[in-house]
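# Examining the three-dimensional arrangement
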Amino acid sequence: MSPTRQDAWSQDEDLLLAEVVLRYIREGGTQLQAFEEVGKRLSRTSAACGFRWNSYVRKQYKSGIELAKKQRKEMKKQAIPVEAEPFHEEDQVETISSPPGCEQGSTITFPAVLYFLEELQKRAENSSSFEEDRKKSSEKIKELEKKAYYLAAENERLAKNLKAIEEDYRSLIEIMERARKMVVLQDEDRQQKVKFQMDKNGNLERVEK
């Protein structure tokens, strides 16, 4: 009995797991069969291989899975006998066209993997460009928020200044009104103090106290 390994998965082991599972998808095999084959070749349990596939490797090969499914359908159309149980995969993923020189029904080759990685890189670059645009938009929103905060503070400051000016204006009006009343009272008081008398010629003359 082969020893059961407990060490971490290497990049080469992940690649082998992906190649075997994608081959079983293409040929109409089952996940369990693929995991058992990989387990024997890597001295790991099929359960460990299944866990590694579902938790990590499958996410890296979504487009490859879809490509393998298409190849399986083409094989069925060409009346290629497939005795094994159909491969079940629930994820809906984007499709990458079959790379040049990669014939249907063949095992995954290095050029095919290279082509697949190049396609992923192109999509990653597009995603990176989208991320840059998103960051620029986010920065622009932050700048606008800062301006909005500044304008709100400035508006509040101007409102306080306007209120202070209005209060000063009302105070000035009150002072002017009091001054006007004082002048009127003084005029009336002077008028009350002024007296007239008749001179010897019969003319009125002003007599001040």
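Residues numbered from 1 in each chain as written. Predicted model: local features only at pLDDT ≥ 70, side-chain atom pairs only at ≥ 80, totals over all residues. Heavy atoms only, no water.

## Remarks on the overall build of the protein
To keep things clear, this is the line we draw: Counting from the N terminus, the helices are the DSSP runs of H or I reaching at least four residues and the strands are the DSSP runs of E reaching at least two. Only the protein chains shown count as covering a residue, and every accessible area follows the Shrake-Rupley method with a 1.4 Å probe.
Regarding its fold elements, the protein presents 5 helices and 2 strands. When the accessible surface of the protein is split by element, carbon and sulfur atoms take 53% of a total near 16000 Å².

## A word on a nonpolar patch on the surface
Going by this rule: Distance thresholds for patches are 9 Å for like charges and 5 Å for nonpolar side chains (Val, Leu, Ile, Met, Phe, Trp, Tyr), applied to residues having over 30% relative accessible area and no salt bridge. Here, a salt bridge means any Lys or Arg side-chain nitrogen found within 4 Å of an Asp or Glu carboxyl oxygen.
A contiguous nonpolar surface patch, about 420 Å² in accessible area, is contributed by Tyr169, Leu172, Ile173 and Met176. Within the secondary structure, Met176 sits in helix H5 (residues 110-193).

## Describing helix H1 (residues 11-27)
The test is simple: By this rule the span expected of a helix is its residue count minus one, scaled by 1.5 Å. Think of it in three bands: residues with accessible area under 20% of the maximum for their type are buried, residues over 50% are exposed, and the middle band is partly exposed, with areas taken using a 1.4 Å probe on protein chains only. Working rule for contacts: check all heavy atoms of both residues, and any pair within 4.5 Å makes them a contact.
Spanning 17 residues, H1 covers 24 Å between terminal C-alpha atoms, matching the ideal 24 Å at 1.5 Å per step. In terms of residue burial, H1 counts as a mostly covered element, since 12 of its 17 residues are buried. Of all the residues in H1, the buried ones are Glu13, Asp14, Leu16, Leu17, Ala18, Val20, Val21, Leu22, Arg23, Tyr24, Ile25 and Arg26. Considering only its buried residues, H1 is in contact with helix H2 (31-42), helix H3 (46-60) and helix H4 (62-77). Gly28 lies just past H1 and shows a positive phi near 85°.

## A few points about the packing of aromatic side chains
Here is the rule we go by: For this analysis, a ring pair means two rings from Phe, Tyr or Trp (six-membered ring only for Trp) whose centres lie within 6.5 Å, classed as stacked if their planes differ by under 30 degrees, edge-to-face if by over 60, and tilted for the remaining angles. Ring-over charges, as used throughout, are those where CZ of Arg or NZ of Lys falls within 6 Å of the ring centre and within 35 degrees of the ring normal.
For the structure on display, the rule yields 0 aromatic pairs. Over the ring of Trp9 we find Arg44, and its NZ or CZ is 4.4 Å from the ring centre.

## Overview of the side chain of Asp14
Just so we agree on the cut-off: We define a polar contact as two N or O atoms separated by no more than 3.5 Å, with the added condition that, inside protein, one atom must be a possible hydrogen donor and the other a possible acceptor, whereas residues neighbouring each other in sequence contribute only through side-chain atom pairs.
Looking at the secondary structure, you find Asp14 in helix H1. There is a polar contact of 2.7 Å between the side chain of Asp14 and the side chain of Arg52.

## Concerning the nonpolar core
For clarity, the cut-off: As used here, the term nonpolar core means buried Ala, Val, Leu, Ile, Met, Phe, Trp, Tyr and Cys residues forming a set that is joined through side-chain atoms within 4.5 Å.
In this structure, Leu17, Val21 and Trp53 are the most contacted members of the largest nonpolar core, which totals 20 residues. Looking at this core, the elements that each hand over two or more residues are H1, H2, H3 and H4. With 8 residues, the single largest contributor to this core is H1.

## Concerning the packing of H1 against H2
Under the convention used in this document: Only the stretch in contact is used when a helix axis is fitted, and all axes are lines through C-alpha atoms; the angle between N-to-C directions ranges over 0 to 180 degrees. Helix crossings fall into two classes, left-handed where the near helix is turned counterclockwise from the far one by less than a right angle and right-handed where it is turned clockwise.
Two elements in contact, H1 and H2, have axes separated by 9 Å at closest approach and are oriented at 145°. Between H1 and H2 lies a crossing of right-handed hand. In contact with Glu13, Leu16, Leu17, Val20, Val21, Arg23 and Tyr24 of H1, H2 contributes Gln33, Ala34, Phe35, Glu37, Val38, Arg41 and Leu42.

## Looking at unusual backbone geometry
The residue Ser43 is not glycine, and still its phi comes out positive at about 60°. For Ser43, the position within the fold is in the loop between H2 and H3. Its relative accessible area of 24% is what places Ser43 among the partly exposed residues.

## Remarks on the pattern of salt bridges
Applying the stated criterion to the full structure yields 7 salt bridges. The shortest N-O distance in the salt bridge between Lys77 and Glu74 comes to 3.9 Å. Of this pair, Lys77 and Glu74 both sit in helix H4, 3 residues apart, roughly one helical turn. Looking at Lys77, the relative accessible area reads 67%, which means it is exposed.

## A word on the confidence of the model for the protein
Note the threshold: The predictor's confidence in any single residue is recorded as pLDDT, a number from 0 to 100.
For the protein, mean pLDDT is 76; residues scoring 70 or higher make up 67% of the total. Of all the helices and strands in the protein, strand E2 (residues 204-207) carries the lowest mean pLDDT, 64, while H1 carries the highest, 95. Low pLDDT (under 50) marks residues 89-98, which in the prediction has 28 contacts with non-local residues, meaning those over four places away or in another chain. This model gives residues 101-106 a pLDDT under 50, and the stretch forms 9 contacts once residues within four places in sequence are excluded.

## Some details on the environment of Arg52
Turning to its location among the elements, Arg52 is positioned in helix H3. Each C-alpha atom of the pair Arg52 and Trp9 lies 8.4 Å from the other, and the pair is 43 residues apart in sequence. If sequence neighbours within four positions are ignored, Arg52 has contacts with Trp9, Asp14, Leu17 and Val57.

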